[in-house]
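The lines below spell out each chain.
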Amino acid sequence: MCKQLTPLGAPVPFLAITPVEEMTGPYPRRWRALIVLCLSLLIVVMANTSLIVAAPDMTKDLGLSSSDLQWVIDGYTVPYAALMLVLGAIGDKYSRRGALVLGLLIFAGGSVMGGLVDETNLVITARAIMGVGAAVVMPATLSLLVAIFPRAERAKAITAWSATSGLAIAAGPLAAGWLLEDHAWGSTFLMNVPLAVLGVVGALLLVPPSKAEGMGRIDYVGGLLSIVSVGSLVYATIEGPHFGWGAGPITAAVVAGVGLLAFVVWELKHPNPMLNVRKFTERPFGGSMMAVLFFFFGTFGSIYYSTQFLQFVLGYDALETGIRLLPLAGSVFVGAAVTGKLAPKLGVKIVVGTGMVIGTAGVFLLTRIDSGSTYTDFLPPLLLLGFAIGLSLSPATDTIMGSFPESELGVGGGANDTALELGASLGIAILGSLLATSYKDKLTDLVGGHLPAAAMDTAKDSVGGGIAVAEQVAKNPQGGAEQAQTLLGAVHESFAHAIAHTSLIGGIIMAAGTLIVIAVLPGRKHGAEAAEQTTEEQSETVDA
């Protein structure tokens, strides 16, 4: 499958023009190509994490409501999660490198739009365009990686790919914070453009063309059902918990359930399904998919509200917040280095299970947060979560991708990335909703009846709203500094209480998920037998 680009001793062409399928040995520049793939991944993950620190400036400048801000964030998430499976299959069929280049160009176009507009709906539209581009890029990076690297080197390459996701968690806020020191929030969109252009140039120079051989017609009906199901599920999860279960979220939830059932029935009957849903009965694949989903549910939700505490309660600006997330990125690389040594010796079950236990412990540590907590109280949870990401994600992703034949690598990448993004979306939405409810209830207990109704509603809406009300009280002659300080203390206490309460629930969910994953993933002996059987099935598929 992976073949040499040129005869031994012949010069390597300036452009990567020879398809992977025509090579007679490993691609000589595969490690340089991996840098391009990791850069492309870094860009699309940073687009979410950078917005976390840009959100306060955007809220002030655009006058965003809580609902507006939620959809500025999640306008990216819905198309990103819903489209990856289908666009991964299209990339397999026609051109994986072409998909990567096209996705980066779409992403860059959305970034330009987001950086130049100054109206809420247009910003949300720009984020959605970026989400479409990301949905093309993300599965293409994984499918190209697997196509380019021989099996013996693939685990190392996937480890580097996985570590890049952790790096983006810290790199996004750090880069955005640095820009926000001297520039408006639009710069956090525009910074994507040169990186995307660099990715396009790098792809043409270093990433060889690749597409699936002998792939049949694309199952567009199954693809449409997957888009409707995942898109509706993500929409309902975002809208319902935050803004109430009205007609829209309930309808979306019903559509998601019916669509998922229809998708499963259709895929089971289709001779060439978009996704072979029978794979979920295979313990290595099913366990790894659940591991990715549960893991990103807990970690992304925790990082989301921990970052808010650093900004709103401890008063760090965007750049200072980004700097304080760097230990998380460092621990991701440590975890990735450790998993490269341990996974081949201990097997996926032990390594992934251990990573999930460590990640769960990190979430539970956040239950100790109170109004007097400082950055040092957040450092151990961040280090544990980062180490767990580095330890668990690579072997789980390697197992998922190893479950797919060469003709379905894009679908495999789409399945892995959908689990990742769906888990992150559910974590931010569900844990974010629990956080908001807990904060609101605690603040009502502490200051209910002491503020005018309108001011109280604003203060209960978010920790940022509570701080803004305290600032107004300080400026009001009838209020004064003492009352403002009392209100500010109540806001901080309420938010700290909300983090501790939400982390307890998040930790319980993570613990339950960890037990399920450990029970489902096969042991080393059974895993080897399953892998051998999968390899035989893939060989039969290719021969056919």
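Hey, could you run me through the overall build of the chain in this one?
Scanning the chain from N- to C-terminus turns up 19 helices and zero strands. Taking 24 Å as the expected radius of gyration for a compact globule of 544 residues, we find that the chain reaches 23 Å, a close match to that expectation. In terms of overall dimensions, the chain has C-alpha extents of about 80 × 45 × 45 Å along its principal axes. With 544 residues in all, the chain has 56% of them scored as buried. Contacts in the chain between residues far apart in sequence, at least 24 positions, make up 81% of those at least 6 positions apart. Surface exposure of the chain reaches about 21600 Å², of which carbon and sulfur atoms provide 65%.

For this particular structure, what's the right way to read helix 16 (residues 453-461)?
Think of an α-helix as 3.6 residues a turn; residues three or four steps apart then line up on the same face. Among the residues of helix 16, those classed as buried are Met 456, Ala 459 and Lys 460. The arc that holds every buried residue of helix 16, seen down its axis, measures 95°, which confines them to one face. Buried positions along helix 16 lie against helix 15 (409-447) and helix 17 (463-475).

For this particular structure, what's the right way to read empty space enclosed by the protein?
Empty space among the atoms can be located by rolling a probe the size of a water molecule over them. Here the structure, examined in full by the defined rule, presents four cavities of 30 Å³ or more. Lining the largest cavity we find 25 residues, and of these Asn 48, Thr 49, Phe 300, Ala 424 and Ile 428 sit closest to its centre. When contributions to the lining of the largest cavity are tallied by element, the ones reaching two or more residues are helix 1 (30-62), helix 2 (66-94), helix 5 (151-180), helix 10 (283-313) and helix 15. Here the lining of the largest cavity takes six residues from helix 1, the largest share from any one element. The class makeup of the residues in the lining of the largest cavity is 17 nonpolar, six polar and two charged. In this structure, the second largest cavity occupies an estimated 50 Å³ of space. Contributing to the lining of the second largest cavity are Ala 47, Ser 50, Leu 51, Arg 127, Met 130, Thr 188, Phe 189 and Asn 192. Counting only elements with at least two residues in the lining of the second largest cavity, the list comes to helix 1, helix 4 (120-148) and helix 6 (187-190). The dominant element in the lining of the second largest cavity, judged by the number of residues it contributes, is helix 1, at three residues.

How do you make sense of the nonpolar core when you look at a structure like this?
For soluble globular proteins, nonpolar side chains are generally found buried alongside one another. With 110 residues, the main nonpolar core has Val 44, Met 58 and Leu 145 as its most contacted residues. For Val 44, the contacting residues outside a window of four places in its chain are Tyr 76, Tyr 80, Phe 107, Ala 134, Val 137 and Met 138. In terms of nonpolar packing, the next biggest core, distinct from the first, is built from 49 residues, Phe 300, Val 351, Leu 391 and Ala 424 among them.

How should I be thinking about the packing of helix 12 (residues 326-346) against helix 14 (residues 375-402) in this particular structure?
Axes are the key here: two packed helices are described by the angle between their axes and the distance separating the axes. Orientation of helix 12 relative to helix 14, taken along the N-to-C sense of each, is 35°, at an axis distance of 7 Å. Helix-helix and strand crossings are classified by hand; for helix 12 and helix 14 the assignment is right-handed. When helix 12 is examined against helix 14, the residues Pro 327, Leu 328, Ser 331, Val 332, Val 334, Gly 335, Ala 336, Val 338, Thr 339 and Ala 343 are found in contact with a partner set consisting of Tyr 375, Leu 379, Leu 382, Leu 383, Gly 386, Phe 387, Ile 389, Gly 390, Leu 391, Ser 394 and Pro 395. Split by residue class, the contact of helix 12 with helix 14 holds 15 nonpolar, six polar and no charged.

Would you explain the layout of surface pockets in this entry?
Of the voids in this model, the second largest pocket is the one considered here, and its volume is about 1300 Å³. Lining the second largest pocket are 47 residues, and of these Leu 69, Phe 312, Ser 462, Gly 464 and Gly 465 sit closest to its centre. At the level of elements, helix 1, helix 2, helix 5, helix 8 (220-243), helix 10, helix 15, helix 16 and helix 17 are the ones that each hand at least two residues to the lining of the second largest pocket. A per-element tally of the lining of the second largest pocket places helix 1 first, with eight residues. Residues of the lining of the second largest pocket, tallied by class, amount to 22 nonpolar, 16 polar and nine charged.

Whenever I open this one, the side chain of Ser 503 confuses me. Can you help?
As for its placement among the helices and strands, Ser 503 is situated in helix 18 (residues 481-520). Of the residues examined, Ser 503 reaches a relative accessible area of 0% and is grouped as buried. At a separation of 2.8 Å, a polar atom in the side chain of Ser 503 contacts the side chain of Tyr 305. Within polar-contact distance, the side chain of Ser 503 engages the backbone oxygen of Ile 499 at 2.7 Å. Setting aside residues up to four positions removed in sequence, Ser 503 forms contacts with Tyr 305, Val 363, Leu 366 and Thr 367.

I'm lost on the environment of Ser 143 in this one. Help?
Secondary-structure assignment places Ser 143 in helix 4. For the pair Ser 143 and Glu 239, spaced 96 residues apart in sequence, the C-alpha separation works out to 32 Å. Ser 143 has contacts with Asp 92, Arg 96, Met 401, Leu 409 and Gly 410, leaving out every residue within four places of it along the chain. Separated by 3.2 Å, the side chain of Ser 143 and the backbone oxygen of Ala 140 make a polar contact.

Please clarify how a negative patch on the surface should be interpreted in this entry.
On the surface, a cluster of negative charge is contributed by Asp 57, Asp 61, Asp 118 and Glu 119. Summarising the element assignment, Glu 119 is placed in the loop between helix 3 (96-116) and helix 4.

How should I be thinking about the confidence of the model for the chain in this particular structure?
Low pLDDT marks regions whose predicted coordinates should not be analysed in detail. Confidence along the chain averages 86 in pLDDT terms, with 93% of residues attaining 70 or more. Of all secondary-structure elements in the chain, the lowest mean pLDDT belongs to helix 19 (residues 524-543), at 47, while helix 3 reaches the highest, 96. In this model residues 1-10 is a low-confidence stretch, pLDDT under 50, and it forms 33 contacts with partners more than four residues away in sequence or in other chains.

Hey, could you run me through the pattern of salt bridges in this one?
A side chain of one charge can pair with a side chain of the opposite charge if their charged atoms are brought near each other. Enumeration according to the criterion identifies three salt bridges in this entry. Residues Asp 398 and Arg 151 are paired through a salt bridge, measuring 3.6 Å at the closest nitrogen-oxygen approach. Placement of Asp 398 in helix 14 and of Arg 151 in helix 5 is noted, with a sequence separation of 247 residues between them.

Basis of the calculations
Residues numbered from 1 in each chain as written. Predicted model: local features only at pLDDT ≥ 70, side-chain atom pairs only at ≥ 80, totals over all residues. Heavy atoms only, no water. Helix = DSSP H or I, 4+ residues; strand = E, 2+ residues; numbered from the N terminus. Rg over C-alpha atoms; globule rule 2.2 N^0.38 Å. Buried < 20%, exposed > 50% of the residue type's maximum accessible area, 1.4 Å probe, protein only. Contact = heavy atoms within 4.5 Å. Areas by Shrake-Rupley, 256 points an atom, 1.4 Å probe, with all protein chains shown as cover. Arc of directions from axis to C-beta. 1 Å grid on protein atoms, 1.4 Å probe; cavity = no way out; pocket = protein on both sides within 12 Å on 5 of 7 lines; lining within 4 Å. Points joined across faces, edges and corners; volume = space filled by probe spheres on them. Nonpolar A, V, L, I, M, F, W, Y, C, P; charged D, E, K, R; others polar. Core = buried A, V, L, I, M, F, W, Y, C linked by side-chain atoms within 4.5 Å. Axes fitted to C-alpha atoms, helices over the stretch in contact; angles between N-to-C directions. Left-handed = near helix turned anticlockwise from the far one by under 90°. Polar contact = N/O pair within 3.5 Å; in protein donor to acceptor, adjacent residues only side chain to side chain. Patch = residues over 30% accessible without salt bridge, like charges linked within 9 Å, V, L, I, M, F, W, Y side chains within 5 Å. Salt bridge = Lys/Arg side-chain N within 4 Å of Asp/Glu carboxyl O. Lys, Arg positive; Asp, Glu negative; His and termini not counted. Charge placed at Lys NZ, Arg CZ, Asp CG, Glu CD. pLDDT = per-residue confidence, 0-100.

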